[in-house]
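# Close look at the chain arrangement
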Amino acid sequence: MFSKTFKAVATAALVASSAIAAQAADYTIRATANSNENDEDYDGLVVFKNFVESASNGAIEVELFIGTQLCSKGAECLQGVADGTIDVYISTSGGASGIFPYVQVLDLPYLMANDRIAETVLAGDFTRKMREMALADSGDSIRLMTIGNTGGWRNFANTKRRVASPSDMEGLKIRTVVADLPQELVRALGASPTPIPWPELFTSFQTGVVEGSKNGITDIMGMKFPDAGLQYVTLDGHAYMGALWWMNNQKFLSMPEDMRRVVVDGFSALQQATFASPKRKSIKAYEDFVAGGGDLYVPTPAEKAAFKEAAAPVYDWFKGNIKGGDEIFDALTAAVAEAEADIEAGMASDLN
């Protein structure tokens, strides 16, 4: 009897608490990522949800939609953000370049040398500049909240041979997305760009339709590309794999300032989580790649300088062919120079 009464009371209390929680949520943020629960994007969203709901004392509820429940492609998802059917969406630069072509500045090779520089740049005014441009181009409907990371750094990988210099790229068929900039980069290095949809890449390696790609190690191992013959990875780190986090601007501005502060702090926590996640996940990924017979090559400083010199024409192409290219290129290179100076000054102090 006591057991039944206790269960009834407990159930009633649970229902009541759920009702209170539901009533307490004055705002609901619907966030989506076209990935899975093993991805850095998901790690970031879990941190964002926990922070925002806790820091707002339940006034904001964050609903997560992982995969393609709400949308499946960049243009479609960003249209959903503009329409307000989606509140938060994460895209790669390639996924957003059809609407905001200048975001491809993140794909320009060899501009940011390491994680410390990239993280300093993306946490500063460069991201605010890109936000300003995106708001202007979307009629104040799509707001860039932050730029994190999704997969570490892009490196060249292939099925044929070790790549230690641009001449080793000659003739290789390299998979790219359907975007101009990565194709221009591959051409500048003497290889042949071959646009292939991501789901078809494994089979394309097996059949020789493509012989290489530009990916981070976690993607390479997560997709089991070594089983398809991808056995050579050159750690040239030519591009930081930026993750652009977009939000419906009207939804953001509809909140009172104290709640907007919570959301902004939540995106900062998300950014830090996505900065950290690839570092940890890449450790085992590299170990597994080498254990499986993979060839992992780190270019010397001179070799990396040769890659940068060979890729230099891509900078002029970007500034001359992309709307807003000059403006965003100058903003990025200025931010990089400032970050390098600050980090070097700090290093000098730390070493003495």
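Please refer to the structure higher up on the page.
Below is a short write-up of the structure. The model shown is predicted, which means the values in this text are computed figures rather than measured ones.

Here the focus is the overall build of the protein chain. Within the protein chain, the regular secondary structure consists of 14 helices and nine strands. For a compact globule of 352 residues, the expected C-alpha radius of gyration is about 20 Å, and the protein chain comes in at 22 Å, within 12% of that figure. When its C-alpha atoms are laid out on the principal axes, the protein chain stretches across 80 × 50 × 45 Å. Relative to its full complement of 352 residues, the protein chain shows a buried share of 48%. A sequence separation of at least 24 residues applies to 75% of the contacts in the protein chain between residues at least 6 apart.

Glancing now at the nonpolar core. With 56 residues, the main nonpolar core has V121, F126, M130 and W246 as its most contacted residues. The residues contacting F126, other than those within four sequence positions of it, are V105, L106, V121, I147, I328, A331, L332 and A335. Counting residues in hydrophobic clusters, the runner-up holds 23 residues, among them V62, I66, M145 and M255.

For strand 5 (residues 173-176) and strand 6 (residues 192-195), the ladder comprises four bridges, and the chain directions are parallel. Within strand 6, the residue paired with R175 across the bridge is T194. In the classification by handedness, the crossover that spans strand 5, the intervening helix 7 (residues 180-188) and the parallel strand 6 is right-handed.

Evaluation of the coordinates by the stated rule reveals one disulfide. Here C71 connects covalently by a disulfide to C77, the sulfurs 2.0 Å from one another. Across the S-S bond of C71 and C77 the torsion is about 105°, and the bridge reads as right-handed. Classification of C71 as buried rests on a relative accessible area of 2%.

Analysis parameters
- Residues numbered from 1 in each chain as written.
- Predicted model: local features only at pLDDT ≥ 70, side-chain atom pairs only at ≥ 80, totals over all residues.
- Heavy atoms only, no water.
- Helix = DSSP H or I, 4+ residues; strand = E, 2+ residues; numbered from the N terminus.
- Rg over C-alpha atoms; globule rule 2.2 N^0.38 Å.
- Buried < 20%, exposed > 50% of the residue type's maximum accessible area, 1.4 Å probe, protein only.
- Contact = heavy atoms within 4.5 Å.
- Core = buried A, V, L, I, M, F, W, Y, C linked by side-chain atoms within 4.5 Å.
- Pairing = 2+ DSSP bridges.
- Right-handed = clockwise from strand over helix to strand, strands pointing away.
- Disulfide = S-S within 2.5 Å.

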